[in-house]
Amino acid sequence: MIRVRQGRPDEAATLTALALRSKAHWGYDDAFLAACRDELTLDPADVAARRTAVAERDGGILGFTTLEGPPPRGVLGMMFVEPDAIGQGVGRLLFTHVRQQARRLGFTVLTIDSDPNAEPFYTAMGAVRVGAVPSGSIPGRVLPLLELALG
């Protein structure tokens, strides 16, 4: 059984490595991943500050997500799943968790700067594309900007 729990500061390096593996799943080369490393790195202090939630099964971490910013408008900042767990419902479970958490905390809208490969997942979960934003890692790259209404 997969359960979702709060992330711990001592898991920051593990979660960072998972994020890089998950990003690599889409076929990005080493240079691209190196350019993304800073943006995909969690420090121990970030884990609590970014409201990190972790999905695990039998003590193994399968994915994580972050809920960032103050209500009423927040950000689904990071969401990554282990490549061998993609398609097993981990992403859906994490997304459902973060949506419920956001509602409890008083958020009405979440924005998502989505990897283009993840956009179909987010739209299937109810997010709507509202524009585009520049990548924080790759100059000249543009990412889909999505919104999820929580009303």
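Quick note: structure is the one above.
What counts as what
- Residues numbered from 1 in each chain as written.
- Predicted model: local features only at pLDDT ≥ 70, side-chain atom pairs only at ≥ 80, totals over all residues.
- Heavy atoms only, no water.
- Helix = DSSP H or I, 4+ residues; strand = E, 2+ residues; numbered from the N terminus.
- Contact = heavy atoms within 4.5 Å.
- Buried < 20%, exposed > 50% of the residue type's maximum accessible area, 1.4 Å probe, protein only.
- Polar contact = N/O pair within 3.5 Å; in protein donor to acceptor, adjacent residues only side chain to side chain.
- Phe/Tyr/Trp six-rings, centres within 6.5 Å; stacked < 30°, edge-to-face > 60°.
- Expected span 1.5 Å × (residues − 1).
- Arc of directions from axis to C-beta.
- Core = buried A, V, L, I, M, F, W, Y, C linked by side-chain atoms within 4.5 Å.

## So, the environment of F107
Part 1: With respect to the helices and strands, F107 occurs in the loop between α4 (90-104) and β5 (109-113).
Part 2: Those residues within four positions of F107 in sequence are excluded, and the remaining contacts are R51, L67, E68, G69, P70, P71, P72, R73, G74, A102 and L150.

## Focus: the side chain of E56
Part 1: Relative to the elements of secondary structure, E56 occurs in strand β2 (residues 52-57).
Part 2: You can call E56 buried: its relative accessible area is 9%.
Part 3: Of note is the side chain of E56, whose polar atom sits 2.7 Å from the side chain of R3.
Part 4: If sequence neighbours within four positions are ignored, E56 has contacts with M1, I2, R3, R5, I61 and L62.

## Concerning the packing of aromatic side chains
Geometry of an aromatic ring pair is reported as the spacing of the ring centres plus the angle between the planes.
Part 1: Per the counting criterion, the structure on display carries five aromatic pairs.
Part 2: With a centroid separation of 5.9 Å and 40° between ring planes, the pair formed by F64 and F80 is classed as tilted. In this pair, F64 is assigned in strand β3 (residues 60-68) and F80 in strand β4 (residues 73-81), connecting sequence segments 16 residues apart. This pair shows no difference in class: F64 is buried, exactly as F80 is.
Part 3: Aromatic pair F95 and Y122: ring centres 6.0 Å apart, planes at 45°, arrangement tilted. With a gap of 27 residues between them, F95 in helix α4 and Y122 in helix α5 (residues 119-124) connect regions that are remote in the sequence.
Part 4: Overall, F95 belongs to the buried group, its relative accessible area being 0%.
Part 5: A relative accessible area of 6% means that Y122 is categorised as buried.
Part 6: One aromatic cluster in this structure is built from F95, F121 and Y122.

## Here we look at α4
Part 1: Across its 15 residues, α4 extends 21 Å between first and last C-alpha, which sits within 8% of the 21 Å expected from 1.5 Å per residue.
Part 2: For α4, the full list of buried residues reads V90, G91, L94, F95, V98, R99, Q101 and A102. All buried residues of α4 project into a common sector of 165° when viewed along the axis, lining one side.
Part 3: G106 lies just past α4 and shows a positive phi near 95°.

## Points about the nonpolar core
Part 1: In terms of nonpolar packing, the biggest core is built from 22 residues, with L76, V90, F95, L110, I112 and Y122 touching the most fellow members.
Part 2: Secondary structure elements with two or more residues in this core: β3, β4, α4, β5 and β7 (142-149).
Part 3: Top contributing element to this core by residue count: α4, with five residues.
Part 4: Those residues in contact with I112 that lie beyond four places of it in its chain are L76, F95, Y122, A127, P144, L145 and L146.
Part 5: Ranked by size, the runner-up nonpolar core spans 18 residues in total, among them A12, L15, L40 and F80.

These results come straight from atomic positions and should not be treated as a statement about function.
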